[in-house]
Amino acid sequence: MYRVLIVDDEKYAVKGIVEGIDWKSLGVDELYEAYHVPGAKEILLSVPIDLMITDIEMPKETGLDLLEWVREEKLEPETLILTCHADFGFARRAVQLGSRDYLLKPVMFEELEAVLAALLDRVRKKRTETEEAERFKKVYRLWQHQKPQLISQFWREVMNRGSEGKQARLEQAIQAYELPPVHKEHLLLILLSVEEWARPFSAFDEELMEYALRKAAEETIVDERSGHVIEDEFGNNVVILYIPDKAGYDPAEWKKRCENYIQACRTYFSCRLSCYIGEVVPFGEVNKGYHALLEMETHNLSESNAVFFYEDRRQSGEEDGPLSFFHWTEELENGDEERLARLTEETFEWVRARHGKTEALSRVYHGVLQVVYYVLLRKGLSPDTLHGRGLPAGPAEITRSPGHLRDWLERVVRIVAELRGEPQEERRSNYIVQTIRTYIADHLDQELTRDELAAHVYLNAAYLSRLFRKETGMSLFDYILHERMKKAAQLLTSTEETVSAIANTLGYGNFSYFAKMFKKVYGETPQEYRKARS
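Residues numbered from 1 in each chain as written. Predicted model: local features only at pLDDT ≥ 70, side-chain atom pairs only at ≥ 80, totals over all residues. Heavy atoms only, no water.

A. The overall build of the protein chain, seen in detail. When helices and strands are counted, the protein chain shows 25 helices and 11 strands. Approximately 26,600 Å² of the protein chain is accessible, and the part contributed by carbon and sulfur atoms is 49%. (Helix = DSSP H or I, 4+ residues; strand = E, 2+ residues; numbered from the N terminus. Areas by Shrake-Rupley, 256 points an atom, 1.4 Å probe, with all protein chains shown as cover.)

B. The side chain of R214, seen in detail. Inspection of the secondary structure puts R214 in helix α9 (residues 203-222). For R214, a relative accessible area of 7% puts it in the buried group. At 2.9 Å, the side chain of R214 forms a polar contact with the side chain of N237. (Buried < 20%, exposed > 50% of the residue type's maximum accessible area, 1.4 Å probe, protein only. Polar contact = N/O pair within 3.5 Å; in protein donor to acceptor, adjacent residues only side chain to side chain.)

C. Structural detail: helix α3 (residues 37-46). Every buried residue of α3 is listed here: V37, G39, A40, K41, I43 and L44. Close packing links the buried residues of α3 with β1 (2-7), β2 (28-34), β3 (51-55) and α4 (63-72). (Contact = heavy atoms within 4.5 Å.)

D. Geometry of the pattern of salt bridges. Going through the model one piece at a time under the given rule, you end up with 19 salt bridges. Residue K15 pairs with E33 through a salt bridge whose shortest N-O separation is 2.9 Å. Here K15 is found in helix α1 (residues 11-20), whereas its partner E33 is found in strand β2, with 18 residues between them in sequence. Put simply, E195 and R272 hold a salt bridge, and the shortest N to O gap is 3.9 Å. Of this pair, E195 sits in strand β6 (residues 186-197) while R272 sits in strand β9 (residues 271-277), and the two are 77 residues apart along the sequence. Look at the salt bridges and you will find they share partners, linking E345, R352, R406 and E410 into a network. (Salt bridge = Lys/Arg side-chain N within 4 Å of Asp/Glu carboxyl O.)

E. Molecular detail of the state of the cysteines. Counted under the stated rule, the structure contains zero disulfides. Cysteine C265 is unpaired, with the sulfur of C271 as its nearest cysteine sulfur at 4.7 Å. (Disulfide = S-S within 2.5 Å.)

F. Representation of the packing of helix α22 (residues 476-494) against helix α24 (residues 511-522). Where α22 contacts α24, the axes come no closer than 10 Å and their chain directions differ by 95°. The angle between the axes of α22 and α24 places the two elements in the roughly perpendicular class. On α24, the residues touching F477, L481, H482, M485, K486, A488, A489 and L492 of α22 are F514, M517, F518, K520, V521 and Y522. Among the residues forming the contact of α22 with α24, the class breakdown is 11 nonpolar, one polar and two charged. (Axes fitted to C-alpha atoms, helices over the stretch in contact; angles between N-to-C directions. Parallel < 35°, antiparallel > 145°, perpendicular 65-115°, else oblique. Nonpolar A, V, L, I, M, F, W, Y, C, P; charged D, E, K, R; others polar.)

G. Broad picture of the pairing of β1. For β1, the buried fraction is high: five of the six residues fall into the buried class. In this sheet, β2 lies alongside β1 in parallel orientation, the contact comprising six bridges. In the strand pairing of β2, Y2 is matched with V28. Sheet analysis places β1 next to β3, joined by four bridges and oriented parallel. Pairing of I6 across the sheet is with I53, part of β3. (Pairing = 2+ DSSP bridges.)

H. View of the packing of aromatic side chains. All told, the structure shown has 11 aromatic pairs when counted by the stated rule. Each ring, one from F468 and one from Y479, has its centre 5.4 Å from the other, and the planes form 70°; the classification is edge-to-face. A residue pair is termed long-range when its members are at least 10 positions apart, and F468 in helix α21 (residues 461-472) and Y479 in helix α22 qualify at 11 residues. Judged by relative accessible area, Y479 falls into the buried class, the value being 10%. Three or more aromatic residues joined by ring pairs form one cluster here, namely Y508, Y513, F514, F518, Y522 and Y529. Its guanidinium or amino end placed over the ring of F348, R406 lies 5.0 Å from that ring's centre, counting from NZ or CZ. (Phe/Tyr/Trp six-rings, centres within 6.5 Å; stacked < 30°, edge-to-face > 60°. Lys NZ or Arg CZ within 6 Å of the ring centre and 35° of its normal.)

I. Spatial organisation of the nonpolar core. By size, the foremost hydrophobic cluster in this structure holds 85 residues, and its most contacted members are W155, L189, W328, L332, W408 and F514. One finds I221, V222, V239 and Y261 within the second-largest nonpolar core, a separate group that totals 30 residues. (Core = buried A, V, L, I, M, F, W, Y, C linked by side-chain atoms within 4.5 Å.)

J. Representation of the environment of Y479 within the structure. When the C-alpha positions of Y479 and F468 are compared, they lie 9.6 Å apart, and in sequence the two are 11 residues distant. Other than its neighbours up to four places away in sequence, Y479 contacts R437, I440, F468 and M474.

K. Examining the pairing of β6 more closely. Extensive coverage of β6 is indicated by the burial of 10 of its 12 residues. Sheet analysis places β6 next to strand β8 (residues 237-243), joined by seven bridges and oriented antiparallel. Each bridged residue has a counterpart across the sheet, and for L188 the counterpart in β8 is L241. The pairing of β6 with strand β10 (residues 281-282) spans two bridges and is antiparallel. Paired with H186 across the bridge in β10 is P282. Taken together, the seven bridges between β6 and β9 define a ladder with antiparallel strand orientation.

L. Geometry of the packing of α3 against α4. Contact geometry for α3 and α4: axes closest at 10 Å, N-to-C directions at 25°. Judged on the interaxial angle alone, α4 and α3 are roughly parallel. For the pair α3 and α4, the crossing hand works out as right-handed. When α3 is examined against α4, the residues V37, A40, K41, L44 and L45 are found in contact with a partner set consisting of L66, W69 and V70. (Left-handed = near helix turned anticlockwise from the far one by under 90°.)

M. Layout of α4. What α4 keeps buried is the set G63, L64, L66, L67, W69 and V70. Its side-chain oxygen 3.2 Å from the backbone nitrogen of L64, T62 forms the N-cap of α4.

N. Inspection of the environment of T347 at higher detail. Mapped onto the elements of the fold, T347 is located in helix α14 (residues 337-353). Remark: the alpha-carbon pair of T347 and V364, spanning 17 residues in sequence, is separated by 7.9 Å. Separated by 2.8 Å, the side chain of T347 and the backbone oxygen of L343 make a polar contact.

O. Just unusual backbone geometry, in detail. With a phi close to 65°, K60 is a non-glycine residue in the positive phi region. Its identity as a non-glycine residue notwithstanding, N305 has a phi of 55°, on the positive side. Inspection of the secondary structure assignment puts N305 in the loop between α11 (286-299) and β11 (307-309).

P. A look at the side chain of R484. With respect to the secondary-structure elements, R484 resides in helix α22. Notably, R484 is buried but unbridged: the nearest opposite-charge side chain belongs to E447, and the N-O separation is 5.1 Å. With residues up to four places along the chain from it excluded, the contact list for R484 reads H443, L444, Q446, E447, L448, L506 and Y508. (Lys, Arg positive; Asp, Glu negative; His and termini not counted.)

This is the structure:
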């Protein structure tokens, strides 16, 4: 129900509105009357008014004075202005002060009732939005509660370390977290890969948006099914679904759900993403299925905004056993020299079967390098340590011949084994991240996109974005912005170039936008910054 306040110094006008409108049909159950501005202020401060109808011409203080006071007090009633004068100046000022509508006296009650109905509909929508916002806060608090965190931690452990020796832990988890008997059921994993945001976000905003994407996946993909949407230790969003009847699994159903999710994310979150759907596996193979999806994503450098099935990749022969992300990860982490040597030999049999072509050499190089980076990061070591031990930093020399690649691969395996046995050194800058930083520094005057940066280091864009944020604590957008503004600050204090010229040097054709971004970083305008340091 709604509360309405009528303000007019002419009492008969107030009574006419009170008596002439069918308030009950509009959902109004409380009417308040004021015959001057001070009386209206008193009511507005004591009662939450939904809709205010006020005359403009009143003695001492006018209806416009009342509107200005309402705005200063940060009150938010919908407002309708009434006046005897068809003066556009009054109307314009009323609109500036927040009035939703403006009618001339004498007012036909049918017209007035129609306007009131529209304004009260705005009130209803505003209430709905407020209630939805409150519901979102409650959901967020629940998500932050201990139980979801423990469930996520449990599944991260299973995905990263497998299920060996975890039977007792699993039984405890089933009881503590009210999980289905997952050891008796099959599971389906879906990797949600954000490829591009429609607008740049700070690292904090990206985390909030990723949270919103997980909640949307719960509603759109999981829906009435039993499952979870979690964030793994590298920032991937992963859907885990319980499939009680493997025979009843329908790929078309999950493709449709994922397509609906992709469309919803594009519409409501302004982002482009892809869904990687794994195969239905028993609990003991979740680890392998998870790494298979990571491999699919890291090797996808061209297709986007789509649904991909691991089964399609396997049937096409693309998974190629010895090049499996999972196999290399498992063997590098276990450190069994004999098994690593056998996997290396299998890999080169694969290369020989393809006649040592450059494409095959390049695929082995990039595939193994990504696995090595992944393994080192999980152990808290910087991938830069590889290049600090004399390994070539680029693919050109390594992929010249099968012999060069084999020599590199054997050295990499040996170095990783050595690093696993050493105490963790102080973490240094990741080689990939450093390469991106250097590229950004050399192209500050150009428009840089995430896809362009990812192509420079031969990585999937979504993977690069997560890696960069994990390593630096900043989103790519934040980092580029701060580097540009750092360069601008240096030019402001070390040269006599005009601010406009400096903006152009850094690729900002719009001077106002440049000034706004500079103030966002330094808290003052470029002119103020230069003057304070001259």
